[in-house]
Amino acid sequence: MKQALVTGGTRGIGAGVARSLAEAGWSVIAASASQSELDAFVLQDGIKVQTLDVTDQVSVDTVFSDLTRLDALVNCAGILMREEEYNIDVFAKVLDVNLTGTMRCCLAAHPLLTETAGAIVNTASMLSTFGGPLVPAYSASKGGVAQLTKALAGRWAEHGVRVNAIAPGWIETEMTQGLREDPARTAGIMARTPMKRWGKPEEVGALVQWLLSENAGFVTGSIYPVDGGYLAM
Ligand SMILES: NC(=O)c1ccc[n+]([C@@H]2O[C@H](COP(=O)([O-])OP(=O)(O)OC[C@H]3O[C@@H](n4cnc5c(N)ncnc54)[C@H](O)[C@@H]3O)[C@@H](O)[C@H]2O)c1
Ligand SMILES: O=C(O)C(=O)C[C@H](O)[C@H](O)CO
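What you are looking at is a predicted structure, and each value in this text was computed from that prediction instead of being measured.

**Q** Would you explain unusual backbone geometry in this entry?
**A** One can expect most non-glycine residues to show negative phi and most peptide bonds to be in trans. Unusually for a residue other than glycine, Arg82 sits at a positive phi of about 50 degrees. Note on placement: Arg82 falls in the loop between β4 (72–75) and α4 (88–116). Despite not being glycine, Ala117 has its phi angle at roughly 50 degrees, a positive value. Residue placement: Ala117 occurs in the loop between α4 and β5 (119–123). Residue classification places Ala117 among the exposed positions, given a relative accessible area of 52%.

What follows is the structure, given as structure tokens:
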């Protein structure tokens, strides 16, 4: 059975991805650094949970060296600290999780993925394309994830490893809870969203499922929006 590891896989978009892949017949490891999330995760057939901190090299090395097979890595772990990101320590922390954490897991997964001609899906954002004045570190990290994805795709194609990224729009998760509870921010977002609604984690999962399938066998180095049309406006 094909095996995927999803970082940040016990909540929000990552959990939506883990559940979509399990429903498509994958064996999924849903990994998170948060013990409370691991405890709260409602298990389903095909999914097991795993402690993994993407900022901790020992944690990453331990988890990946224990794997005997890996067909896909989906990097969903991410944080966003809003205005606090103007503090340099917070800036570095956000980069460490979102960008360096993504690279850490890609590097750790690469030897296993070369054995299976596997694939990576990273999580970029609309903020890979435009800057968010309230989130300088988050914006920089997501611009970085998009470029990292293209660089790795170019380098690892010769090993048969495909590397793509998703760029979710406004998705209903805890990360956007504050925005969804603010009527003025919600109205502003909906005014610019052609589909006039928030996206769901499983709608992001469906895109990841396709990117990891044989149907996407010639697709690498691309960034795929799933945003109800927001980036097109
Ligand atoms: N929600 C949105 O609208 C949206 C839009 C675009 C991109 N994204 C991106 O999607 C991804 C998932 O976001 P979400 O909205 O589901 O947010 P979320 O806060 O619900 O989930 C984030 C996940 O990352 C995990 N995580 C954080 N730090 C970690 C670490 N050091 N090691 C391992 N896991 C860690 C958390 O435990 C959690 O499981 C993030 O990369 C985010 O930037 C979200
Ligand atoms: O697009 C993303 O990656 C987001 O999650 C957007 C943020 O929630 C938003 O920029 C917060 O101000």
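**Q** I would appreciate a short explanation of the pairing of β4 in the present structure.
**A** Walk down a regular strand and you will see the side chains alternate between the two sheet faces. By the alternation rule, side chains of β4 split into Ala72 and Val74 and Leu73 and Asn75, which are all buried. In the sheet, strand β1 (residues 3–7) pairs with β4 via 4 bridges, with the strands oriented parallel. Paired with Leu5 across the two strands is Leu73, which belongs to β4. The pairing of β4 with β5 spans 4 bridges and is parallel. Residue pairing across strands places Val74 opposite Val121, the latter belonging to β5. On the question of chirality, the crossover connecting β4 to the parallel β5 by way of α4 is right-handed.

About the cut-offs
Residues numbered from 1 in each chain as written. Chains lettered and ligands numbered in written order. Predicted model: local features only at pLDDT ≥ 70, side-chain atom pairs only at ≥ 80, totals over all residues. Heavy atoms only, no water. Helix = DSSP H or I, 4+ residues; strand = E, 2+ residues; numbered from the N terminus. Buried < 20%, exposed > 50% of the residue type's maximum accessible area, 1.4 Å probe, protein only. Pairing = 2+ DSSP bridges. Right-handed = clockwise from strand over helix to strand, strands pointing away.

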